[in-house]
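# Overview (structure and organization)
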Amino acid sequence: MYTVKKIVNTIIRCLAACCGLFLIIHCRVIAACLTGIEMPEAPAWHKKCFHC
């Protein structure tokens, strides 16, 4: 039987993993933002799915 504490702990671990993955994927964009250099070009699928 799952307890609420185990469920919340699992959710927090999943969110931490997703946040870490986001940081790994976007490390070049984050570095460009912090240093002021030119932003890297987004891939074609990103432009199609997210109209920025």
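Parameters at a glance
- Residues numbered from 1 in each chain as written.
- Predicted model: local features only at pLDDT ≥ 70, side-chain atom pairs only at ≥ 80, totals over all residues.
- Heavy atoms only, no water.
- 1 Å grid on protein atoms, 1.4 Å probe; cavity = no way out; pocket = protein on both sides within 12 Å on 5 of 7 lines; lining within 4 Å.
- Points joined across faces, edges and corners; volume = space filled by probe spheres on them.
- Helix = DSSP H or I, 4+ residues; strand = E, 2+ residues; numbered from the N terminus.
- Nonpolar A, V, L, I, M, F, W, Y, C, P; charged D, E, K, R; others polar.
- Patch = residues over 30% accessible without salt bridge, like charges linked within 9 Å, V, L, I, M, F, W, Y side chains within 5 Å.
- Areas by Shrake-Rupley, 256 points an atom, 1.4 Å probe, with all protein chains shown as cover.
- Salt bridge = Lys/Arg side-chain N within 4 Å of Asp/Glu carboxyl O.
- Buried < 20%, exposed > 50% of the residue type's maximum accessible area, 1.4 Å probe, protein only.
- pLDDT = per-residue confidence, 0-100.

Here the idea is plain: a probe the size of a water molecule rolls over the atoms and shows the empty space left. When its volume is computed, the largest pocket comes out at roughly 280 Å³. Along its surface, the largest pocket is lined by Ile25, His26, Arg28, Val29, Met39, Pro40, Glu41, Ala42, Pro43, Trp45 and His46. For the lining of the largest pocket, the secondary structure elements donating two or more residues are helix H2 (27-35) and helix H3 (44-49). Tallied by class, the residues present in the lining of the largest pocket amount to seven nonpolar, two polar and two charged.

Taken together, the side chains of Tyr2, Ile7, Ile11 and Leu15 present a nonpolar region at the surface, about 470 Å² in accessible area. Within the fold, Ile11 resides in helix H1 (residues 4-25). Relative accessible area serves as the criterion here: at 47%, Ile11 is assigned to the partly exposed category.

So, on to the confidence of the model for the protein. On average, residues of the protein carry a pLDDT of 92, and 98% of them reach 70 or more. At the level of individual helices and strands, the protein shows its lowest average pLDDT in H3, which scores 86, and its highest in H1, which scores 97.

Turning next to the pattern of salt bridges. In this structure the tally under the stated criterion is one salt bridge. Here Lys47 ties to Glu41 by a salt bridge, and the two come within 2.3 Å at their closest N and O atoms.

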